[in-house]
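Below, each chain spelled out in residue letters.
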Amino acid sequence: MSVSSVASPACWNCGAPPGGGHFCIGCGKIQPLAAADGYFAFFGLPEKLDLDAADLDRRYLALSWKLHPDNFVRAEEFERNLSLDRSSVLNDAYRVLRDPVSRAEYLLARHGVRKEGQTKQQAPPELLEEVFELNESLEELRAARLSGDAAESAALGKRLEAAGRNFQAKLAEVDAELAAAFREWDAALDRSAGEDERARLMARMNEILNRRSYIRNLVAGVTHELDGAPDA
Amino acid sequence: MAYSDKVIDHYNNPRNVGSMPKDDPKVGTGMVGAPECGDVMRLQIRVNPETQVIEDAKFKTFGCGSAIASSSLATEWVKGRTVEDALHIKNTDIVRELSLPPVKIHCSVLAEDAIKAAIGDWKRKQGADEAQASAATASAKE
Ligand code: FES
C-alpha cells in the first residue's frame, strides 16, 4: 500500500510536490501534517499489524531525532511549529503502535469498525456470566476481609486464585487468537484482498478485542485483590 | 472527571440493588457488558402477566460510577411502566437526567441494553409459556 494516493499539496517553501514525507523531497523543508495521514503512514509503514517492534523502535528514534524542535531553534517560527506538531504526533503514534492491542484498536477505529459508545457487539453470554460470577466472588472476598473473617477470606482467596489462573489462561488464548488474526490481516493486505474480506477480518478482530477486554479487566481485578491481600 | 450530583446520589444510595430468581417465569434477566471497559451489568424485572406492568426491578453492576447510576436510574424508571413502554427508554434520556459527559455515554448505553435484554428474556419466557398454556386453555375454556 502506498502512503497516500491523494496528491499532497505543493511544498510551502519551494512549490514542488513534496512527496508525502515529513520533509520536502525537493528542498528538504519540514512539511505540515496532512489530515489523512495515519500513524502507520507517519512511520512510512503499511497498515500491517504483525509489525516488527525493533523496526518500529528504530524508525521512532530516527524520526524523533530528525523532527526534534532542537533542530529548528534557528528556523522560522512556522517551521518550529511544524516540528512541534510532528514531534507530538510522533510520540502519540509510537505509543499507540507499539502495543499490539492499541495498534489493532487504532486500525479498527480508523476504518470505522470500533467507535466509542457504539459497540453493539456483545460478548458471548457464557463469558458475561463467568465475568459476573467472578466479580461477585471478588466482592465477597472484599467483604470477608473487611469483617476480619480469616477462615472465609482464606477459602475465598483459594477459589479466586484458581479462577484467576483460569482467566490468565484465557487471556493467553485470546492473545494467541489475536496474533493469528494479525497474520491473516497482513496476508490479506499482501494479496490486496477486497473490501469484503478486510471487513470480515476486522469484524473478527473487533470481536476478539471485546472478549479480551473483559478478561483483562478480570485478571487485573483478581491480581489486584490477591496481591493487595495481607493474609492471602 | 467530576460526577454530577445525581450520579453521586445514585452511586452512594443505589436503588434496587439485588437479584430475583432467574427461573421465575415472571422474571426477565438482562446480562450485558461494555467491551470498552469490560464492565458488566445485570438488570432484572418482574412483570405482572395480566397487566404487563413491571412491578419490580433489581440490578447489580460491576462497573464505574456512571454505570451504577445509569442502572440504578433505569430500575427506577422501568418500575410501574408496561413492558412496551419501558422499551422506549433511551440511553440519551439517561445521559440527560444524569448529565453524563461524552466519555461516559457507553455506560448509559449499557443500561438501555440491559433493559432491552431483560424484556427480551421475559418475552422469550412468555412465548415458551404461551405455547404450553394456549394448548391447555384451548381445551379448558368453554
Ligand atoms: S466505564 Fe465502563 S461502564 Fe462506565
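**Student:** I keep staring at the overall build of chain A and nothing clicks. Help me out?
**Tutor:** Regarding its fold elements, chain A presents seven helices and zero strands. The helix and strand sequence of chain A, counted from the amino end, reads α-α-α-α-α-α-α. For 232 residues, the compact-globule estimate of 2.2 N^0.38 gives 17 Å, and the C-alpha radius of gyration of chain A, at 24 Å, exceeds that figure by more than 25%. Each principal axis of the C-alpha atoms in chain A carries an extent, and together these give about 75 × 45 × 30 Å. For chain A, the share of sequence-separated contacts (at least 6 apart) that also reach a separation of at least 24 residues comes to 61%. Accessible area of chain A: about 12,800 Å², with a carbon and sulfur share of 53%. Charge-centre separation for chain A: the mean point of 29 positive side chains lies 5 Å from the mean point of 38 negative side chains.

**Student:** Whenever I open this one, the sheet that holds strand 3 (residues 54-62) of chain B confuses me. Can you help?
**Tutor:** Neighbouring strands of a sheet are bound in pairs by backbone hydrogen bonds; such pairs are parallel or else antiparallel. Residue and element names in this part refer to chain B. Read across the sheet, three strands follow the order 1-2-3 without closing on themselves; strand pairing throughout is antiparallel. Both outer strands of the open sheet, strand 1 (27-34) and strand 3, are each paired with one neighbouring strand and no more. Shown here is a sheet whose adjacent strand axes are inclined to one another by a mean of 15°, direction ignored. Note that strand 2 (residues 39-47) and strand 3 share eight bridges and pair antiparallel. Following the sheet pairing, Met41 is matched in strand 3 by Thr61. Helix 2 (residues 65-78) rests against strand 2 and strand 3 of the sheet, and its axis sits at about 175° to strand 3.

**Student:** Teacher, can you tell me more about the side chain of His22 of chain A here?
**Tutor:** Inspection of the secondary structure assignment puts His22 of chain A in the segment before helix 1 (39-42). Only 2.8 Å separates the side chain of His22 of chain A from the backbone oxygen of Phe42 of chain A, close enough to count as a polar contact.

**Student:** In this structure, what is going on with the nonpolar core? I would like to understand it.
**Tutor:** Across soluble globular proteins, nonpolar side chains have a tendency to be buried as a group. Residues and elements named next belong to chain A. Residues Phe43, Leu97, Trp185 and Met205 are the most contacted members of the largest nonpolar core, which totals 61 residues. Elements represented by at least two residues in this core include exactly helix 1, helix 2 (53-67), helix 3 (77-98), helix 4 (100-110), helix 5 (125-146), helix 6 (150-190) and helix 7 (195-227). It is helix 6 that provides the largest number of residues to this core, a total of 12 residues. The residues touching Trp185, leaving out its near neighbours within four places in the chain, are Glu47, Lys48, Leu49, Leu107, Arg198, Leu201, Met202 and Met205.

**Student:** Can you walk me through helix 3 of chain A in this structure?
**Tutor:** Residues three or four positions apart in an α-helix share a direction because the helix packs 3.6 residues into each turn. Residue and element names in this part refer to chain A. With 22 residues, helix 3 should cover 32 Å at 1.5 Å per step; its first-to-last C-alpha distance of 31 Å lies within 8% of that length. Every buried residue of helix 3 is listed here: Glu79, Leu82, Ser83, Arg86, Ser87, Val89, Leu90, Ala93, Tyr94, Val96 and Leu97. In this fold, the buried residues of helix 3 make contact with helix 1, helix 2 and helix 4.

**Student:** What exactly am I supposed to notice about the pattern of salt bridges here?
**Tutor:** Note on pairing: side chains with opposite charge can pair once their charged atoms come close. Residues and elements named next belong to chain A. Within this structure, the stated rule accounts for 22 salt bridges over all chains. For the salt bridge of Glu47 with Arg110, the shortest nitrogen-to-oxygen distance reads 2.8 Å. Remark: Arg110 occurs in helix 4 and Glu47 occurs in the loop between helix 1 and helix 2; sequence separation between them is 63 residues. Glu197 serves as the salt-bridge partner of Arg191, at 2.5 Å between the closest nitrogen and oxygen. Linked by salt bridges that have partners in common, Glu177, Glu207 and Arg211 make up one network.

Calculation rules
Residue numbers here run from 1 along each chain, matching the order of that chain's written sequence. Chains carry letters from A onward and ligands carry numbers from 1 onward, assigned in written order. Where local features are concerned, this predicted model is filtered to residues with pLDDT of at least 70; where side-chain atom pairs are given and counted, the filter is 80 or more; whole-chain, interface and lining totals use all residues. Side-chain numbers here rest on the full set of heavy atoms in the structure, without hydrogens or water. Each helix is a run of DSSP H or I of at least 4 residues and each strand a run of E of at least 2, with the numbering of both proceeding from the N terminus. For the radius of gyration, the atoms used are the C-alpha atoms, and the globule rule reads 2.2 Å times the number of residues raised to 0.38. The contact rule is simple, with two residues in contact once any of their heavy atoms fall within 4.5 Å. Surface exposure here means Shrake-Rupley accessible area, sampled with a 1.4 Å probe, where a residue is shielded only by the protein chains that are shown. Asp and Glu are treated as the negative residues and Lys and Arg as the positive ones, with His and the ends of the chain left uncounted. Just so you know, the charge point we use is NZ for Lys, CZ for Arg, CG for Asp and CD for Glu. Being paired, for any two strands, means DSSP has found at least two bridges between them. Axis lines are fitted through C-alpha atoms, for helices just across the contact stretch, and the angle between N-to-C directions can take any value from 0 to 180 degrees. Side-chain atoms alone can form a polar contact between residues adjacent in sequence; in general such a contact is a pair of N or O atoms within 3.5 Å, and within protein one must be able to donate a hydrogen while the other accepts it. Among buried residues, those of type Ala, Val, Leu, Ile, Met, Phe, Trp, Tyr and Cys that are joined through side-chain atoms within 4.5 Å constitute a nonpolar core. Accessibility here uses a 1.4 Å probe with only protein chains present; expressed as a share of the type maximum, an area under 20% marks a residue as buried, one over 50% as exposed, and anything in between as partly exposed. Helix span is expected to be 1.5 Å times the residue number reduced by one. The working definition used for a salt bridge is a side-chain nitrogen of Lys or Arg within 4 Å of a carboxyl oxygen of Asp or Glu.

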